[in-house]
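Architecture at a glance
Residue-level listing of the chains:
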Amino acid sequence: MLFSRFVAMGDSQTEGLWDGDDRRGLVGWADRLAYRLAEDNPEVLYANLAVRARRIAEVRAEQLDTALGMDPDLVGICVGMNDVMALTSDMDEALDEMEKMYARLVEAGITVITTTFPDVRRIIPAARFIAERVDRVNERIRLCAERYDLRLVDLFSARSMLDPRVWATDRVHGTPLGHERFALAAAEALGLDGADHSWADPLPEPLRMSRIRATYREIAWFVAVLWPWLVRRVRGISSGDDAVAKRPVLEPVLRTAAGA
């Protein structure tokens, strides 16, 4: 299957946070997938409308019409974790917004690829309080995938996604290795030549960690990541304030593919 216009939508995960940096430039799973698409079609065009910290309703309001206006034949969406983390948000309303977004894209004849979220219970034991909300998001995503014939990347069931080496310090965003695995998963979901399910296999040489080290890791995560995040929430500050899409217009993929 050849695609000619690929548009990525979502939040910081699709933007590529932790795969590169704001000074050198971010890559991320969507850029890596775009590069893979260019191997089959060197003329493919690509835009990335994702902006960090965006919730589902914001993605629909700020990115959907722009994406549709680009007349894409492929759209990638990864969104929902910011709604999970905003514990005061109405999840039912957010998930209804997500389904409406899927439905509108599919009605336009676009192939849509999306993803479930990993099992946070096994990645961030200290964040079990959000696990039920993640389960609700995943349940709706699976339902939508079946209802609208979406191409689904199931990160929840992948053993590779339980390895700390695929997650950045905050354990919410992927490392370069994590984004690479995500892109390989997307290639499989799209049925691209040569793609297979090996991305989900455990990493070689399993990482072993003592109970003391694991406990220290949880405490360090709380101090370095969760506590500052809570403080920003109380102060009404967002990492997405003044942020803009890194690639807001369709351009040839190969113009930036060297970084991927």
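Structure's up top.
None of the values given here were measured: they were computed from a predicted structure.

This part covers the overall build of the chain. Scanning the chain from terminus to terminus reveals 9 helices and 8 strands. Buried positions account for 50% of the 260 residues belonging to the chain. Within the chain, contacts between residues at least 6 apart in sequence are counted, and of these 78% link residues at least 24 apart. For the chain, the exposed surface amounts to about 12700 Å²; the carbon and sulfur share of it is 51%.

Despite not being glycine, aspartate 71 shows a phi value in the positive range, around 55°. Here aspartate 71 lies in the loop between helix 3 (56–69) and strand 5 (74–78). The class for aspartate 71 is exposed, based on a relative accessible area of 57%. For aspartate 149, which is not glycine, the phi torsion reads 60° and is therefore positive. If you trace the backbone, aspartate 149 turns up in the loop between helix 7 (131–148) and strand 7 (151–153).

Compared with the 20 Å implied by 1.5 Å per residue over 14 residues, the 19 Å span of helix 3 between its first and last C-alpha is a close match. When the local axis directions of helix 3 are compared, the greatest deviation, roughly 45°, occurs at glutamine 63. Along helix 3, the positions that sit buried rather than exposed are Ile56, Val59, Gln63, Leu64 and Ala67. Phi for aspartate 71, located one or two positions after helix 3, is positive at around 55°.

A pair of packed helices is captured by two measures, namely the crossing angle of their axes and the spacing between those axes. Their axes nearest at 9 Å, the elements helix 3 and helix 5 (residues 91–107) cross at an angle of 10°. Between helix 3 and helix 5, the crossing angle belongs to the class labelled roughly parallel. For the pair helix 3 and helix 5, contact is made by Ile56, Ala57, Val59, Arg60, Leu64, Asp65 and Leu68 and by Ala94, Glu97, Met98, Lys100, Met101, Arg104 and Leu105, respectively. Taken together, the residues that form the contact of helix 3 with helix 5 break down as 9 nonpolar, no polar and 5 charged.

Here we come to helix 7. The end-to-end C-alpha distance of helix 7, which contains 18 residues, comes to 25 Å, matching closely the 26 Å that a straight helix rising 1.5 Å per residue would cover. Taken together, the buried positions of helix 7 are occupied by Ala131, Arg133, Val134, Val137, Asn138, Arg140, Ile141, Cys144 and Ala145. In this structure, the buried side of helix 7 is in contact with helix 4 (81–85), helix 5, strand 6 (111–115), helix 6 (120–123) and strand 7.

Spatial strand order, 7-6-5-1-4-8: 6 strands in an open sheet with mixed pairing. Sheet topology places strand 7 and strand 8 (247–252) at the edges, where each strand pairs with a single neighbour. Looking at each pair of strands side by side, their axes are set apart by 15° on average, direction ignored. Direction of pairing for strand 1 (residues 5–10) relative to strand 5: parallel, over a ladder of 5 bridges.

So, about the pattern of salt bridges. Using the criterion set out here, one finds 18 salt bridges in the structure. A salt bridge links arginine 32 to aspartate 19; the nearest nitrogen and oxygen atoms lie 2.9 Å apart. Of this pair, arginine 32 sits in helix 2 (residues 28–40) while aspartate 19 sits in the loop between helix 1 (12–15) and strand 2 (20–21), and the two are 13 residues apart along the sequence. Notably, a salt bridge pairs arginine 147 with glutamate 99, separated by 2.4 Å at the nearest N-O pair. Here arginine 147 is found in helix 7, whereas its partner glutamate 99 is found in helix 5, with 48 residues between them in sequence. Under the relative-accessibility criterion, glutamate 99 is labelled buried at 11%.

Below, the discussion takes up the pairing of strand 5. Judged by how many residues are buried, strand 5 sits mostly within the fold: 5 of 5 residues are covered. Here strand 5 shows a buried face lined by Leu74, Gly76 and Cys78 and a second buried face lined by Val75 and Ile77. One ladder, built from 3 bridges, connects strand 5 with strand 6; its direction is parallel. Bridged to leucine 74 within strand 6 is threonine 111.

Conventions adopted
- Residues numbered from 1 in each chain as written.
- Predicted model: local features only at pLDDT ≥ 70, side-chain atom pairs only at ≥ 80, totals over all residues.
- Heavy atoms only, no water.
- Helix = DSSP H or I, 4+ residues; strand = E, 2+ residues; numbered from the N terminus.
- Buried < 20%, exposed > 50% of the residue type's maximum accessible area, 1.4 Å probe, protein only.
- Contact = heavy atoms within 4.5 Å.
- Areas by Shrake-Rupley, 256 points an atom, 1.4 Å probe, with all protein chains shown as cover.
- Expected span 1.5 Å × (residues − 1).
- Bend = angle between axes of the 7 residues up to and from the residue.
- Axes fitted to C-alpha atoms, helices over the stretch in contact; angles between N-to-C directions.
- Parallel < 35°, antiparallel > 145°, perpendicular 65-115°, else oblique.
- Nonpolar A, V, L, I, M, F, W, Y, C, P; charged D, E, K, R; others polar.
- Pairing = 2+ DSSP bridges.
- Salt bridge = Lys/Arg side-chain N within 4 Å of Asp/Glu carboxyl O.

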